[in-house]
Amino acid sequence: MLRAGIVGLPNVGKSTLFNALVANAKAQAANFPFCTIEPNVGVVAVPDERLQVLAKISGSAEIVPTRVEFVDIAGLVKGASQGEGLGNQFLANIREVDAIVHVVRCFENDDIIHVSGAVDPVRDIEVINLELALSDLFQIERRIERTRKQARTNKEAQLELEALEKLSAVLNEGKQARQVDLSEEEELAVKQLGLLTRKPIIFAANVLEDDLAIGNAWVEQVREVATREGAQVVVVSAQVESELVELPEEERADFLESLGVQEGGLKSLIRATYELLGLRTYFTTGPKETRAWTIQAGMLAPQAAGVIHTDFERGFIRAETVAYQDLVTCGSMTAAKEKGLLRSEGKEYLVQEGDVLLFRFNV
């Protein structure tokens, strides 16, 4: 399951957004720093309209979406890498996630205190980036000390040391670890460090309701920073997400349309995260259930089968596959087969986004 950590300064809307994304979450949201101490964790279904369509075609008794785990991590402040505001504890929580959603305040509200006294997205991003980088640098330097002695006689340690020194040099220049090109072997050598600034990042520009459709000048500032860092930006409104949670499902689309947008923040964040991490979705469908499965882009059919169960990969024979849109157009598996659109693929088949698969395997 994908784990995304929601980070940012205090009072930028992290917990409010989390509560809305995870409708039954109990994260406390209040107007003072360090309101959240322990990370709140919530699992949400990935919205995908294709599941309902496939379930109707197959007459499925159950629909099982794939899921994302959101972790609401307490607000970081300047000096977090030295332990300010329980910073060390909070930074440790971030090391455990797959991707970072950095919530940036892009709204003015006199009733909500800004820890720095005024809204300035670029400054806020720099504060968080610096604390993450300092934490990484401290960890890397400690590791270099331990590895240097081993590297005299151990080739694996030599490889790790070279990777660590590359990372250290870039971090000392005020850049992020994700800007360092490492070989596959070097990547594996430093993976256990869980470097914060090497994790994929999405900036969630949190705006008021009226700015959700077109953004504002602060959002443009965030986009400029993201372009330099090779990151993505999603414009969200914790305010709107909170209102959506209170509405019946059938009224949500009309509410979003009245604001000039097609989808809520959850769908936008998940889509951006999937793109960032190179994830793909395939489906299995039948009378019992229609289910979505998440895989890495580039996975071959046996690997994709292994996501369901390792026995499927070990005993893989073939995959019967049809593209989602072809199946919808035909209206049934039988019709798709008659038209030659249901194919039998072997071990070298590269699974595509939206494939509907049935695996054949030996027990």
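Now for a description of the structure that goes with this document. The structure presented is a predicted model; accordingly, all values stated were derived computationally and were not measured.

Side note on the pairing of strand 7 (residues 232-236)
Pairing geometry for strand 6 (residues 201-206) and strand 7, over five bridges, is parallel. Of the residues in strand 7, the one forming a bridge with I202 is Q232. A crossover links strand 6 with its parallel partner strand 7, the connecting element being helix 7 (residues 217-229), and its sense is right-handed.

Side note on the packing of aromatic side chains
In this structure the tally under the stated criterion is four aromatic pairs. Between F283 and Y324, the aromatic rings sit 6.3 Å apart at their centres with planes inclined by 45°, giving tilted as the arrangement. Highlighted residues: F283 in strand 8 (residues 279-285) and Y324 in helix 13 (residues 324-330), separated in sequence by 41 residues. Under the relative-accessibility criterion, F283 is labelled buried at 0%. Owing to a relative accessible area of 14%, Y324 belongs among the buried residues under this scheme. The cationic tip of R50 hangs over the ring face of Y324; the distance from NZ or CZ to the ring centre is 6.0 Å.

Description of the layout of surface pockets
Put simply, the largest pocket is a space of about 830 Å³. If you go around the largest pocket, you meet 30 residues; those closest to its centre are P47, E249, R252, L266 and K267. For the lining of the largest pocket, the secondary structure elements donating two or more residues are helix 1 (14-21), strand 2 (40-45), helix 2 (49-58), helix 8 (238-246), helix 9 (249-258) and helix 10 (265-277). When residues of the lining of the largest pocket are assigned to their parent elements, the largest contribution, five residues, is made by helix 9. Considered class by class, the residues forming the lining of the largest pocket number 16 nonpolar, five polar and nine charged. The calculated volume of the second largest pocket comes to roughly 440 Å³. In terms of lining, the second largest pocket is formed by V97, D98, E184, E187, L188, V190, K191, G194, L195, R198, K199 and P200. Per-class residue counts for the lining of the second largest pocket are five nonpolar, one polar and six charged.

A closer look at the packing of helix 8 against helix 9
With their axes 9 Å apart at the nearest point, helix 8 and helix 9 run at an angle of 150° to one another. As judged from the angle between their axes, helix 8 and helix 9 are roughly antiparallel. The handedness of the crossing between helix 8 and helix 9 comes out as right-handed. Mapping the contact onto sequence places V240, E243, L244 and V245 in helix 8 and R252, F255 and L256 in helix 9. Residues belonging to the contact of helix 8 with helix 9 are distributed by class as follows: five nonpolar, no polar and two charged.

Rules used throughout
- Residues numbered from 1 in each chain as written.
- Predicted model: local features only at pLDDT ≥ 70, side-chain atom pairs only at ≥ 80, totals over all residues.
- Heavy atoms only, no water.
- Pairing = 2+ DSSP bridges.
- Helix = DSSP H or I, 4+ residues; strand = E, 2+ residues; numbered from the N terminus.
- Right-handed = clockwise from strand over helix to strand, strands pointing away.
- Phe/Tyr/Trp six-rings, centres within 6.5 Å; stacked < 30°, edge-to-face > 60°.
- Buried < 20%, exposed > 50% of the residue type's maximum accessible area, 1.4 Å probe, protein only.
- Lys NZ or Arg CZ within 6 Å of the ring centre and 35° of its normal.
- 1 Å grid on protein atoms, 1.4 Å probe; cavity = no way out; pocket = protein on both sides within 12 Å on 5 of 7 lines; lining within 4 Å.
- Points joined across faces, edges and corners; volume = space filled by probe spheres on them.
- Nonpolar A, V, L, I, M, F, W, Y, C, P; charged D, E, K, R; others polar.
- Axes fitted to C-alpha atoms, helices over the stretch in contact; angles between N-to-C directions.
- Parallel < 35°, antiparallel > 145°, perpendicular 65-115°, else oblique.
- Left-handed = near helix turned anticlockwise from the far one by under 90°.
- Contact = heavy atoms within 4.5 Å.

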